[in-house]
Amino acid sequence: MADSILDRDQVDLTNCDREPIHIPGAILPHGAMLVLECGTLRILQAAGNTAGLLGRPLADLLDRPVDGIFTGAQLNLLHALSREAELTKPRHFLDPVLRVVSDQPLDTSVHRIDNVLVVEFEAAEMTDAFVSDPLAAVQHMVENFSSAASLNDLCQMATASVHRVAQYDRVMIYRFMADGSGWVIAESRLPELEPFLDLHYPAADIPQQARALYLRSWLRLITQVDYDPAPLKPTLNPRTGKPLDMSYAILRDVSPIHREYLRNMGIDASMSISIIVAGKLWGLIACHHNSPRILPRHLRAVCELFGSIFSLQIEARENSEQFEARLASRKILQELMLNLAGIEDYAHGLTQQTPNLLDFIHGGDAALDGSRRGGVAVSVEGDVTFLGTTPSRPQILALTQWLTSYMIETEGVFSTDRLSEIYAPAKAFTNVASGLLVIAVSRDPSDFILWFRPELVETALWAGDPAKPVTISADGSDKLSPRKSFEVWKHTVRNRALPWSRAELDSAFDLRVSLLQVVLRRIEAASRERAKAHERDKLLMAELDHRVKNTLANIQALVTQSSRSAGSVTAFVDELDKRIHSMAKAHSLLTQSRWEGVSVDGMLREELEAYGPASGVVSLAGDDAVLTPKSALALSLAVHELATNAAKYGAFSVTTGHVVVKWQIRADGGLGLSWTETGGPPVVSPTHRGFGSTLIERALTLETGGRATIDYRPGGVVCDIVLPQASLVALSVKPVAKLEPLDVAILQDAMPVLPRLLVVEDSYLLLLPLELMCETLGWQIVGPAIRLDQALEMARTETFDAALLDVNLNGEMAWSVADVLKARGIPFAFSTGYDQTDMLPAHLVGTPVFAKPYRIAYIEKQLRQMMTAGAKPAD
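Notes on the structure follow. (Residues numbered from 1 in each chain as written. Predicted model: local features only at pLDDT ≥ 70, side-chain atom pairs only at ≥ 80, totals over all residues. Heavy atoms only, no water.)

Here the focus is the overall build of the protein chain. Across its full length, the protein chain holds 21 helices and 37 strands. The burial tally for the protein chain puts 49% of its 875 residues in the buried class. Considering only residue pairs separated by 6 or more positions, the protein chain has 65% of its internal contacts joining residues 24 or more positions apart. Here the protein chain displays about 40500 Å² of accessible surface, and carbon together with sulfur accounts for 53% of that area. (Helix = DSSP H or I, 4+ residues; strand = E, 2+ residues; numbered from the N terminus. Buried < 20%, exposed > 50% of the residue type's maximum accessible area, 1.4 Å probe, protein only. Contact = heavy atoms within 4.5 Å. Areas by Shrake-Rupley, 256 points an atom, 1.4 Å probe, with all protein chains shown as cover.)

Attention now moves to the pairing of strand S12 (residues 269-277). The buried fraction of S12 amounts to nine of the nine residues, a majority that puts the element mostly inside the structure. Alternating residues of S12 divide into Ala269, Met271, Ile273, Ile275 and Val277 and Ser270, Ser272, Ser274 and Ile276, and every residue in both groups is buried. Inspection of the sheet shows strand S10 (residues 219-222) paired to S12 by four bridges, in the antiparallel sense. Looking at S12, one finds that Arg220 is bridged to Ser272. Counting the residues between successive antiparallel strands, the hairpin from S12 to strand S13 (residues 280-289) contains two residues, one of them, Ala278, with a positive phi of roughly 55°. (Pairing = 2+ DSSP bridges.)

Okay, the nonpolar core next. In this structure, Leu604, Leu627, Leu635, Val661, Leu671 and Trp675 are the most contacted members of the largest nonpolar core, which totals 37 residues. Looking at this core, the element that brings in the most residues is helix H16 (residues 629-649), giving eight residues. Those residues in contact with Trp675 that sit more than four places away from it in its chain are Leu608, Val639, Leu642, Ala643, Ala646, Phe652, Val659, Val660, Val661, Val717, Val718 and Cys719. (Core = buried A, V, L, I, M, F, W, Y, C linked by side-chain atoms within 4.5 Å.)

Moving on to the packing of aromatic side chains. In this structure the tally under the stated criterion is twelve aromatic pairs. The structure contains a cluster of three or more aromatic residues connected by ring pairs, namely Trp402, Tyr406, Phe414 and Tyr423. The ring of Tyr168 carries the charged tip of Arg293 above its face, separated from the ring centre by 5.5 Å. Lying over the aromatic face of Trp500, Arg453 brings its terminal NZ or CZ to 3.8 Å of the ring centre. (Phe/Tyr/Trp six-rings, centres within 6.5 Å; stacked < 30°, edge-to-face > 60°. Lys NZ or Arg CZ within 6 Å of the ring centre and 35° of its normal.)

For the rest of this paragraph, the subject is the sheet that holds strand S36 (residues 828-832). Spatially, S32-S31-S33-S36-S37 is the arrangement adopted by the five strands of the open sheet, whose pairing is parallel. The sheet is open, and its two edges are formed by strand S32 (780-785) and strand S37 (849-851), each paired on a single side. With strand direction ignored, the average angle separating the axes of adjacent strands in the sheet is 20°. The pairing of S36 with S37 spans three bridges and is classified as parallel. Pairing of Ser831 across the sheet is with Phe850, part of S37. Against the sheet, helix H18 (residues 764-777) touches strand S31 (756-760), S32 and strand S33 (802-806), its axis set at about 160° to S32. Seen against the sheet, helix H19 (residues 788-797) touches S31 and S32 and runs at an angle of roughly 145° to S32. (Axes fitted to C-alpha atoms, helices over the stretch in contact; angles between N-to-C directions.)

Our focus in this paragraph is the environment of Glu321. Relative to the elements of secondary structure, Glu321 occurs in helix H7 (residues 297-339). Overall, Glu321 belongs to the partly exposed group, its relative accessible area being 46%. Through-space distance from the C-alpha of Glu321 to that of Ala503 is 8.4 Å; in sequence the pair is 182 residues apart.

Buried residues dominate S13, accounting for nine of its ten residues. Bridge count between S12 and S13: nine bridges; the pairing is antiparallel. When the bridges of S13 are listed, Ile276 appears paired with Leu281.

Here we take up the packing of helix H3 (residues 134-142) against helix H4 (residues 151-166). Where H3 contacts H4, the axes come no closer than 9 Å and their chain directions differ by 150°. H3 and H4 meet at a crossing whose hand is right-handed. Of the residues in H4, those in contact with Ala137, His140 and Met141 of H3 are Ser161, Val162, Arg164 and Val165. In the contact of H3 with H4, the residues fall into four nonpolar, two polar and one charged. (Left-handed = near helix turned anticlockwise from the far one by under 90°. Nonpolar A, V, L, I, M, F, W, Y, C, P; charged D, E, K, R; others polar.)

A separate point is the side chain of Gln780. Relative to the elements of secondary structure, Gln780 occurs in strand S32. Gln780 gets classed as buried once you look at its relative accessible area, which sits at 19%. One polar contact links Gln780 to Arg756, side chain to side chain, over a distance of 3.1 Å. (Polar contact = N/O pair within 3.5 Å; in protein donor to acceptor, adjacent residues only side chain to side chain.)

Attention now moves to the pattern of salt bridges. Evaluated as defined, the whole model comprises 24 salt bridges. With a shortest N-O distance of 3.6 Å, Arg756 and Glu798 are connected by a salt bridge. Of this pair, Arg756 sits in strand S31 while Glu798 sits in the loop between H19 and S33; the two residues are 42 residues apart in sequence, bridging distant segments of the chain. Take Glu798: its relative accessible area is 31%, and that puts it in the partly exposed class. Each member of the salt-bridge network shares a partner with another, and the members are Arg326, Arg330, Arg502, Asp506 and Asp510. (Salt bridge = Lys/Arg side-chain N within 4 Å of Asp/Glu carboxyl O.)

In this section: helix H20 (residues 815-824). All buried positions along H20 are accounted for by Trp815, Val817, Ala818, Val820 and Leu821. Contacts from the buried residues of H20 go to H19, S33, strand S35 (812-813) and S36. Gly825 lies just past H20 and shows a positive phi near 75°.

Next up on the list: the sheet that holds strand S28 (residues 707-713). Strand order in the open sheet made by the five strands is S24-S26-S27-S29-S28, with mixed pairing throughout. The open sheet has two edge strands, strand S24 (618-622) and S28, and neither has a second partner. Each strand of the sheet is rotated relative to its neighbour by a mean of 10°, with strand direction disregarded. Pairing analysis gives seven bridges linking S28 to strand S29 (residues 716-723), with the strands arranged antiparallel. Looking at S29, one finds that Arg707 is bridged to Val722. Each of S24, strand S26 (658-665) and strand S27 (671-678) is contacted by helix H15 (residues 600-608), which is oriented at about 160° to S26, the strand it contacts most. Those strands touched by H16 are S27 and S29, and its axis lies near 10° from that of S27.

A full pass over the atoms with the stated rule returns zero disulfides. Left without a disulfide partner, Cys287 is nearest to the cysteine sulfur of Cys303, which lies 6.6 Å away. Under the relative-accessibility criterion, Cys287 is labelled buried at 1%. (Disulfide = S-S within 2.5 Å.)

This part is about the environment of Leu94. One can find Leu94 in the loop between strand S4 (91-93) and strand S5 (106-113). Residue class for Leu94 comes out partly exposed when judged on its relative accessible area of 30%. The spatial distance from the C-alpha of Leu94 to the C-alpha of Ala301 is 9.8 Å, given a sequence separation of 207 residues. Apart from residues no more than four positions distant in its own chain, Leu94 is found in contact with Leu106, Asp107, Arg297 and His298.

This part is about the packing of H19 against H20. Running from amino to carboxyl end, H19 crosses H20 at an angle of 5°, the nearest separation of the two axes being 9 Å. Taken together, the axes of H19 and H20 lie roughly parallel to each other. Every residue of H20 that contacts H19 at Leu788, Ala791, Leu792, Met794, Ala795, Arg796 and Thr797 is listed here: Ser816, Val817, Val820, Leu821 and Arg824. Taken together, the residues of the contact of H19 with H20 break down into eight nonpolar, two polar and two charged. (Parallel < 35°, antiparallel > 145°, perpendicular 65-115°, else oblique.)

The residue after Lys233, namely Pro234, is reached through a cis peptide bond having omega -20°. Structurally, the position occupied by Pro234 is in the loop between strand S11 (230-231) and helix H6 (256-264). Look at the link from Gly783 to Pro784: it is a cis peptide, with omega at 0°. Assignment of secondary structure puts Pro784 in strand S32. One non-glycine residue with positive phi stands out, namely Gln167, at about 60°. Tracing the sequence through the fold places Gln167 in the loop between H4 and strand S7 (170-176).

In structure tokens:
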């Protein structure tokens, strides 16, 4: 029924799938072909009866221009065709458009491929009834299509129409099945011929490559089985050295094996018209003739057009049937969903009410009493609800366990009409479940709705034994031939069920969507809440871990710095105790606000409570403003140092002293705060900077991005503090005044030029031990960077040998800085108070991480190793 070439190495016609049947190198002998070079129209190759059709022998045509063959108008037409970009499929020209010999009517087909113009010629038949009006034949063939009650009726009408107009002895509709085999579903024939209706043909009869050519060309004609092919001269294109691709050629030679196949069937001529539905080869209109037959070109055009119209009719009917089935299922689906309203057990609602799941999608053919066989089961968290005839509960549970892994790659819907072929345990219950349709009603998937269809034992009639598509020659050689026997062969098919239709699969998808959206919404909502609670707990634990470790690291730094500045052990203990208590007060205020922020007024009153703000010793006045947690901790330490200094040497050390603290919102949205002491002992400017003043000036700068200056006036200490807008989380009033900007430079100790360490750290207290370490080692600190934008700028532009990156910079993660360093090939490590096990993103896993509080000796060792060797530190 189609072109096929046999590989001698295997007794299997599927080897034809690899045979290049599109480049046979020859044409049917009744026609002629010219292969013209586009642009010049020079004849590169020729074949066939050129003497009879074109009046010139083949030898006189090769490597010559066509000027002497065609008229000027015909040449203009050919030149125009050679320039067309879209001429892959043949353009047909009926006589006399390209007639060459005056008394020889000529029909022509022209197409373009691989930069050549292929022109095919056949003698025109001028005596046919439809030669003058081919469209009348098409109208005659399709006029009763609208009256067809079913698809089978339509197919029978189509075979009758082609049989009447094309006048072949037999015309069949040959439909391709899911497994690739063919089934004759309609037939019109001469009365004396044996019927082929309802016969099946194996898939190997029409190899995949032949099917691909049927998709390219609507019509394929074989005028007679016994002929000598007309070879193309020369065999290869003289310009490219390649054979001519005849995929779209009308006169393409037929495979010898296929001709033998037709000869074995007793056929001498054939024509195949493609039936293409939704871009796929649905079937063929196969025409057989018991004697040679050359169908005139105009009738072939009629049949081609008819094939296109008939394909559209098939597609429209199938779409209409699917649409009607979809509408019916949608109506039942709406009732199912209404029945589920207010029902907790949706499995019970889908199976024990009316309508139920078997009303929605039936389980198989109707029995004699009109009932539907088959069944359905709903499996939710190991509980199974049944309806109809199904496998046992243990069998269903085992099946769902297999489906849990098998359906991971599906879209939530799976179907088969031969379950035992892919799931071996199903062989034990094929009588009730050879067919299976499943929808996953959870996204795992783990919960399912399963429809079962029983075994449908079918006896198919085959044209010959489908297991023997070829035979071996009697002489024992390795020559293979198509089968010679086409006697009806009965074949019983078992372990198969009625296939699931497209409409049923669509209905299953609709039900799944509805269940996921409506019924399972509450289940998934609860699951989401549990997941959110878990994530919140996890986040809170990580944040708590981070803050505790940062607090310990800050205390560690306070211990170190307080010990360096204290004059005695008693003084050290006293100063450290007060500083830790100051931090504790700030933490208490933050805890009360769930770490969302602290008001400036509340923080000052808590810190200065011991010095008597209520008695008039301290005056507080300012706008209502709320500090971020980080800014509140930094400012509380600064105020503590000011108050401690005032208690030792300033306004709080005498009864006549007084402290005024004022703050206000600046025009730029930041906060300005002033501390002014009066009435205390005369102030003498210190000769060196102590830890307290350093903590005030540098900590606020590094921790908040603000600035602070201390002025030791004779009448009392004055400290002006400016915090940026980012330090505030809530403002209830507009700015009322603008503080004068303070032009104070932040001095840094001189460091050796090399080596250089980039430090990204937003905690001043944690920076101090790092600075001390670098000073001891003779390293120079680049930075420090306290914000992500600063860190990125330094990472891109500065020169340094290694980097230590704080993971969390005031809520922003430092991954982007690490990416810059990685691209530059600069070694780096992270520092953090977070749990290190799952902190890093995937692309940074393996980067060294230093835990807070720091072990300075360990960090020194690892950073030294990174500096000197350029390698990652050891664990």
